[in-house]
Amino acid sequence: MKCAAYSLSSVGKHFEENETSENYLAFAAWIVTGKMPNLAYLMDKEAEQKRMKELDEIYAKGEKPELADYGRIGKKPTIVKSPKRTRKVHLTNIETGEEKEFEAIKDAAEYLAPIWNMKVNSIETSLRMKREYKGYKIQIEGKLRRKYKIEPIMAINIKTGEKHKFDCLVDCTRYITNLYDVIVCCGAIKEKAKTGKTYKDTWRFKYIAEGDINAK
């Protein structure tokens, strides 16, 4: 059986009397060969235009034709995004004592951008990581900071012999952060204190044990 074309004379008089015979033959050929034949010759232009006119009239009335939703399992669920949580930011100018409050970190960053001459994204990062920066005290409402064991720690400058004692790891980290004007996390200082490695080849950190008389 050839799938390229079908002749009514080749399949007998029975198919001449049945208007849908060629449709079934084309469908059977598609199943057997896996190749979809050209079905353009099976289309009835008059019936097509008549049906299109009927559909236009149905939709004009605000109705739907039969089988319009056939095959649809249901409407896609509407995804409602929860509003993005924002935290208020309190800024205090250390020199003047002036206080300002902002509804979000981005608002505070936009306010500080021309003052600090920095990009907004960089300022947002600084506000999240620091409590004091460039002459401002920073307080973010509801921000949870990682808790560390309150354990005295000492920062030793191996080049000058300078020593600084701090009551906890957070205070030591804050000192290094402000000293080099870079963001340093507590975890980095904690690791160097445990391994004995130096920070910028200058600072060594050591936890102070109870009763250590040499810690000053």
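Scroll up a little and you will see the structure.
Rules of the game
- Residues numbered from 1 in each chain as written.
- Predicted model: local features only at pLDDT ≥ 70, side-chain atom pairs only at ≥ 80, totals over all residues.
- Heavy atoms only, no water.
- Patch = residues over 30% accessible without salt bridge, like charges linked within 9 Å, V, L, I, M, F, W, Y side chains within 5 Å.
- Areas by Shrake-Rupley, 256 points an atom, 1.4 Å probe, with all protein chains shown as cover.
- Salt bridge = Lys/Arg side-chain N within 4 Å of Asp/Glu carboxyl O.
- Lys, Arg positive; Asp, Glu negative; His and termini not counted.
- Charge placed at Lys NZ, Arg CZ, Asp CG, Glu CD.
- Helix = DSSP H or I, 4+ residues; strand = E, 2+ residues; numbered from the N terminus.
- Buried < 20%, exposed > 50% of the residue type's maximum accessible area, 1.4 Å probe, protein only.
- Disulfide = S-S within 2.5 Å.
- Pairing = 2+ DSSP bridges.

## Focus on a negative patch on the surface
A contiguous patch of negative charge, built from E103, D107, E110 and E141, is present on the exposed surface. Turning to its location among the elements, E141 is positioned in the loop between β4 (136-140) and β5 (153-157).

## Some words on the pattern of salt bridges
Counted under the stated rule, the structure contains three salt bridges. Measuring nitrogen to oxygen at the nearest pair gives 3.7 Å for the salt bridge that ties E98 to K100. Residue E98 is classed as partly exposed on the basis of its relative accessible area, which comes to 40%. By relative accessible area, K100 is classed as partly exposed at 31%. The salt bridge partner of R174 is D171, with a shortest N-O separation of 3.0 Å.

## Some words on the state of the cysteines
Under the defined criterion, the tally for this structure stands at zero disulfides. Cysteine C168 shares no disulfide, and the gap to the nearest cysteine sulfur, in C186, comes to 8.1 Å. Between C172, a cysteine without a disulfide, and C186, which holds the nearest cysteine sulfur, the sulfur-to-sulfur distance is 8.8 Å.

## Points about the environment of C168
For C168, the position within the fold is in the loop between β6 (163-166) and α6 (169-180). A relative accessible area of 12% places C168 in the buried class. Remark: the alpha-carbon pair of C168 and Y207, spanning 39 residues in sequence, is separated by 9.2 Å.

## Structural notes on the pairing of strand β2 (residues 99-102)
Sheet topology note: the strand β1 (residues 89-93)/β2 ladder contains four bridges and is antiparallel. Each residue of the ladder has a partner; that of T92, found in β2, is E99. In this structure, the hairpin formed by β1 and β2 is closed by a connection of five residues, where G97 is found at a positive phi of approximately 80 degrees.

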